[in-house]
Structure formats: C-alpha cells, structure tokens
Amino acid sequence: MYQLYVTPTGMYLDGPYLDKSNRVMRQYKEYSSHFLHVSFVEEDGTQISHSNVLADIPHTVIYEDRFAGFFKEGIRIAGRLFKFLAFSNSSLKEGRVLFFHEPTDGAVTCESIRAWMGDFSMIKSPARYAARMGQAFTSTASTVKVNSKEVVMSVPDVERNGYNFSDGVGTISQEIANDIWAELQKLNKGIARNKVSVGRNEALLDLVPSAFQIRFGGAKGMVSVDPSLQGRKMKIRKSMIKFNAPNSTIIEIADDSSVCREAYFNRQVILILEDMGVGKQVFLDLQRKAVRELAVMWNNPEKLAELAGKDGAFGNFVRLWENLGIFQWTNNDFIRQSFEHIRAYLLKEIKYRARIKIPGGWTLFGVLDETGTLKEGQIFVQLSSPAVSKIIAGPVLIYRSPCIHPGDIQPAIAVNCPQLHHMRNVVVFSQFGKRDLPSKLGGGDLDGDMFSIIENRAFFPHPSAFRAAAEYTATKPIELDHPVTMDDIADFILFYMQHDKLGIIARRHLALADQVDGGSTHPDCLLLSNLY
C-alpha cells in the first residue's frame, strides 16, 4: 500500500509497502491499490508536536485551513481522487488515517465499505463512532468460521458495586481453540505468529494457547478456553459487543497467549517504585548489568538474537537472520554493522526510556477466572515457554503500563489452583471482591490489556507503602442530536490531533515528580495523573 505524508506545506508520496491484513482489506483485496495511508506529519516527517509545530503559524491555519480540506474534499494524486474512509484506533495516535479511491464503475464506494462493516447508526458520539469503525481495521488473521448456533451472544457480565469484573472477556471451547490454532499455524508456515525464540522447544509449539484476542463481527476482546464447553461453542459477553456486524462470521485473531513475554521497566514504573521506598541502587545495578550484556553480545549469537527481540523494532530482521541460518556470519561487515545499529538503539532505549528487562518479570494478557475458584486479591499465573515453565506462587507486584498514579502498582497473591491448570501464559483474575483488580491498574480491563507481574522481591516495597488505587471513571462522550456524519468524524479527528496532550502531561509529570517532595504522591503530580 502507498503512503502519503501530508505536512503543513507539502505532500510526499512513498511506497508501496507491505501492510498487515485486516477485515476490510481481505474483503476488498481486488481493490488493494485503491487504498492509501495518509499521515499528517511535520516537515521533517516526524509526528506533529504541539510544542514546536511551526510556532509562528496559528494551529487553526494548519488544522482547519489545510488538513480539514483533505478530510472533507479528498486528496487528488495523479488524477485519482482519494476520499477519507476510516482509521484504526492505534493509527490515530500516530496521525495516520486511511483514504480510498472509488472505482469509476461505482461498484465500491466509501459509503458501501462502511455499510458492509456494520451498523453504527445507534452511536451518537463521533469519537465512539470512529472508534467502532476502527475495529474493522485492526491487524488480524482470519481463522475459522462459526455459525449462529455455535455462538452465544450477550452473555451477562459479572458486575458488582458498579465495577465490571468481566469487562471484555468471553470463552471458547477447546475444539474451536484447536481449530483456530491449526489455522494460525497453517497461515504462518507451522510456527504460529512467529513468536518463538532461538532454541525453541518444538513440543511447546503444539500447545494450543489458552486465550486469544479476537475481533468477531462487532465484538472485540479476549476469549479464554473453557473446558466445560463441549463441541464448537463460543460465548461473547455483553461488554464485548460494540456494534452490529452481521456480515462478519469469522473469528479474527489479533494476538494470542502462545508465549509469555518478558517484562521491562520504564521511567514511570521506576519512579513510582522509588517513591514507594525501593532503593535507587537496585535499579542502577540492573541498568549496569543490561549495558554490560550489550557490550559482550558478540560472544553469544543466540543471546544476540534474544536481546534484539522478536516482537520489537527489529523482529523481522532477527527472524530473517535465524531462518537463513547465518549465526556463523557475525564477522560479515553488513551483519556486524546491522547489529551494531541494534545495539546502539537498545542502549538509547535504556538511556532515555529506562527500558530494562526485569528479572522475574513477565507481561501477559488478563482473563477472568470462569471457575469462580480464586478469592479476592488472588491471581493464577502459569508460565509455559522454551525458557521457563512453572506456576508462580506467593506475593507478586502487578501493574499495567502506562503507570502515572502511585496506586497503579498493586500487590497480589499468586496461587496454585488445580482447577486452572489449563490456563497458560495469562494472568487469571478473581471475579470476587469489592472492586476488580484490573480496574485498579491504570483503569485496565480484560478486552486485551496486558499486565506485568514481578515476583522478584528485590523490587518489592514495604507493604505499608502501597497506595490506594485511583478511581478511573469514564468520561461521558459528547453526543450529537443528529446521526453522525463523516464530517463530524473529520472534525473529531482534527480536534484530537490538535488537542492530544497526553505526551506533554506524562513528561511534565515525570519532571515534576523528580523535583518535589513526595514525588508522584505530591498533589500537583496527582492532579496531572488525573488529567492523564
């Protein structure tokens, strides 16, 4: 797909590039050349910054007088008129949206594509309307088809005291999970989702994941394997259903729990742990160790590939390096220079973001204990990967990034629960208590959020240092008194691009917390965390 960069003064066409598949692209694959990614960027190609974007020119000139015209009138390139179609939820944060050139025969139009995607007519908020359309543009793999008899829709949620303990999570039978995994392995040449590290244990590849992040019609979220479901069955909870999409009957997979991902510190997490009394020396020692590992990475090619990472910025390069079997080529100038670049990048990540691997830390999807076995404050975590295979038992720290409030890191008790031994590489949360634990962790839920757990007690603060979790009450979206139009959505996008200040708030929070007594617990820092 081609990529167009729109700056405050010009336009630059680039590509074409390989793009990840999604529901709409698969349906209209014969029109793939009619789609166009459009990014609104600064003159140097970087994301538009509110702190330095052409400071001498009012924002209204850039957004309302220039960018708005492209959304409402389209963009003409080489005689083709591309009209605004939609965007994915993640791409909007990067200022990137999707345009479409309607063929001259009128067989497909932007309106007909949106009509095929689903019925959004009941949604009166432009922000929510756009987000729901974005579900269809999430990068997914198409797997198995299910019929109406195999799916139970609108299963009641587990709600208590105004909190939803099952927000965004449903269940599937083992048979459907097996079919999904077989299809994923087929799509990825027998190695599902290409997430297996060097020295992989082939037996572990045959283990079907316990949970999948899915898109199904107008529903989104997680589904976990429920052994009590017989045959081909899937249960979609009410909280998962966002709109009606009768044209889509295929389970699409955005991600899965086939492996356990290692957890990494960042500046926000370190700040909060330091404010809770964890010594600075612990983090400094860990940082020095990470730097030393990068310094000697050439001595161990397998370690080199592990440090570069399979799911990070250099994942494709490392996979290619492995598949070609060129471990013995580390003396080759090109290979060496490539990995020197990777090393410099990883050092930069440590220096500027404090991205340091946590010993005894993992990042996993969250799901609900469907058996009702876990008590309040308990979690179940079973790790299963080539590097580690165990059930965690005992006290742990748990959090969800981004962390900005001092109560975003909470304690939990990991227990060995035989009724949940079928669950692997996920955090299983209890459905009991006054408040669900995920909502305490930065306002998280179970529709695909990932949670980091730490069992290494070197990072544990004193029990009295834990703070009460913040109340993350959702802001009621602005609703219109008329059906939402694409002009309304265009106005929302422009408003979002112009007023997105999350990065500024996060940076100011970090700077302020480093200067004032109490750190992240200072009233001004708490005010910034509420704004975030």
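Anything mentioned here points back to the structure above.
A tally of helices and strands in the chain yields 16 helices and 23 strands. Considering the chain as a whole, with its 532 residues, one finds that 51% of them fall into the buried category. By sequence separation, contacts in the chain at least 24 residues apart represent 77% of the contacts at least 6 residues apart. Total accessible area computed for the chain in this model is approximately 25400 Å², and 51% of it derives from carbon and sulfur atoms.

This next bit is on the nonpolar core. F35 and I489 are the most contacted members of the largest nonpolar core, which totals 51 residues. Residues contacting I489, with those up to four places away along its chain left out, are F84, F87, P126, Y129, A130, M133 and V484. Within the second largest apolar cluster, 36 residues are counted, among which are L364, F365, F380 and V426.

A separate point is the pattern of salt bridges. Tallying each qualifying case throughout the model produces 18 salt bridges. Between E102 and K83 there is a salt bridge, and its shortest N-O distance comes to 3.3 Å. Taken as a pair, E102 in the loop between β6 (96–101) and α4 (110–117) and K83 in strand β5 (residues 80–86) lie far apart in primary sequence, 19 residues in all. For K83, a relative accessible area of 34% translates into the label partly exposed. K186 is the partner of E183 in a salt bridge, and the nearest nitrogen-oxygen pair spans 3.6 Å. In this pair, E183 and K186 both sit in helix α6 (residues 174–187), three residues apart, roughly one turn of the helix. Since its relative accessible area comes to 21%, E183 is described here as partly exposed.

Now for unusual backbone geometry. Cis peptide bonds are those with omega within 30 degrees of zero, and the linkage from G15 to P16 qualifies with 5°. With respect to the element layout, P16 can be found in the loop between β2 (11–14) and α1 (23–27). Omega for the bond connecting S401 with P402 falls within 30 degrees of zero, at 5°, which places this linkage in the cis form. Following the sequence through the fold, P402 ends up in the loop between β20 (394–399) and β21 (409–414).

Once that is clear, we can look at the packing of aromatic side chains. The relative placement of two aromatic rings is captured by the distance of their centres and the angle of their planes. Enumeration according to the criterion identifies 15 aromatic pairs in this entry. Judged by centre distance (5.0 Å) and plane angle (70°), the rings of F429 and F451 are edge-to-face. With a gap of 22 residues between them, F429 in strand β22 (residues 426–429) and F451 in strand β23 (residues 450–454) connect regions that are remote in the sequence. Here F451 falls in the buried class, since its relative accessible area comes to 0%. Here a set of aromatic residues connected by ring pairs shows up, and it is made of F40, Y63, F67, F71, F84 and F99. Sitting above the plane of the F165 ring, R160 keeps its charged end 4.7 Å from the centroid. The side chain of R355 reaches across the aromatic face of Y264, ending 3.8 Å from its centre.

As a further point, take the sheet that holds β2. Reading across from one edge, β2-β1-β3-β6-β5-β4 is the order of the six strands in this open sheet, with mixed pairing throughout. Both outer strands of the open sheet, β2 and β4 (75–77), are each paired with one neighbouring strand and no more. Averaged over all pairs of adjacent strands, the angle between strand axes in this sheet comes to 35°, irrespective of strand direction. On the sheet, α4 packs against β3 (35–40), β5 and β6 and is oriented at approximately 25° with respect to β5.

Turning to the pairing of β6, a few remarks are in order. In terms of residue burial, β6 counts as a mostly covered element, since five of its six residues are buried. Sheet topology note: the β3/β6 ladder contains five bridges and is antiparallel. The residue of β6 that forms the bridge with V38 is V97. Relative to β6, β5 runs antiparallel, the two being bridged by four bridges. The residue bridging F82 from the neighbouring strand is H101, located in β6.

Turning our eyes to something else, we now look at the environment of I342. Note that I342 resides in helix α12 (residues 333–353). In this structure the C-alpha to C-alpha distance between I342 and L294, which are 48 residues apart in sequence, comes to 9.8 Å.

In this section: the sheet that holds strand β13 (residues 219–225). Pairing is mixed in the open sheet, where seven strands are placed in the order β7-β15-β12-β13-β11-β14-β8. Across the chains shown, the open sheet's two edge strands, defined by having one partner strand only, are β7 (141–145) and β8 (151–155). The mean angle between the axes of side-by-side strands here comes to 35°, regardless of whether they run parallel or antiparallel. Where strand β12 (residues 211–216) meets β13, six bridges bridge the pair, whose relative direction is antiparallel. Counterpart to A211 in the pairing with β13 is S224. With respect to the sheet, α6 is in contact with β7, β11 (169–172), β12, β13, β14 (234–237) and β15 (250–256), its orientation differing from that of β7 by roughly 140°.

Now for the environment of D500. Relative to the assigned elements, D500 resides in the loop between α14 (486–499) and α15 (502–515). Accessibility expressed as a relative area gives 24% for D500, which makes it partly exposed.

Among all positions of α4, only C110, I113, R114, W116 and M117 are buried. Buried residues of α4, viewed axially, fall in a sector of 160°; they line one side. The exposed set on the far side of α4, more than 90 degrees from its buried face, consists of E111 and A115. In the core, the buried residues of α4 are packed alongside α1, β3, β5, β6, α5 (126–134) and α14. Just beyond α4, the residue with positive phi is G118, at close to 155°.

Parameters and conventions
- Residues numbered from 1 in each chain as written.
- Predicted model: local features only at pLDDT ≥ 70, side-chain atom pairs only at ≥ 80, totals over all residues.
- Heavy atoms only, no water.
- Helix = DSSP H or I, 4+ residues; strand = E, 2+ residues; numbered from the N terminus.
- Buried < 20%, exposed > 50% of the residue type's maximum accessible area, 1.4 Å probe, protein only.
- Contact = heavy atoms within 4.5 Å.
- Areas by Shrake-Rupley, 256 points an atom, 1.4 Å probe, with all protein chains shown as cover.
- Core = buried A, V, L, I, M, F, W, Y, C linked by side-chain atoms within 4.5 Å.
- Salt bridge = Lys/Arg side-chain N within 4 Å of Asp/Glu carboxyl O.
- Phe/Tyr/Trp six-rings, centres within 6.5 Å; stacked < 30°, edge-to-face > 60°.
- Lys NZ or Arg CZ within 6 Å of the ring centre and 35° of its normal.
- Pairing = 2+ DSSP bridges.
- Axes fitted to C-alpha atoms, helices over the stretch in contact; angles between N-to-C directions.
- Arc of directions from axis to C-beta.

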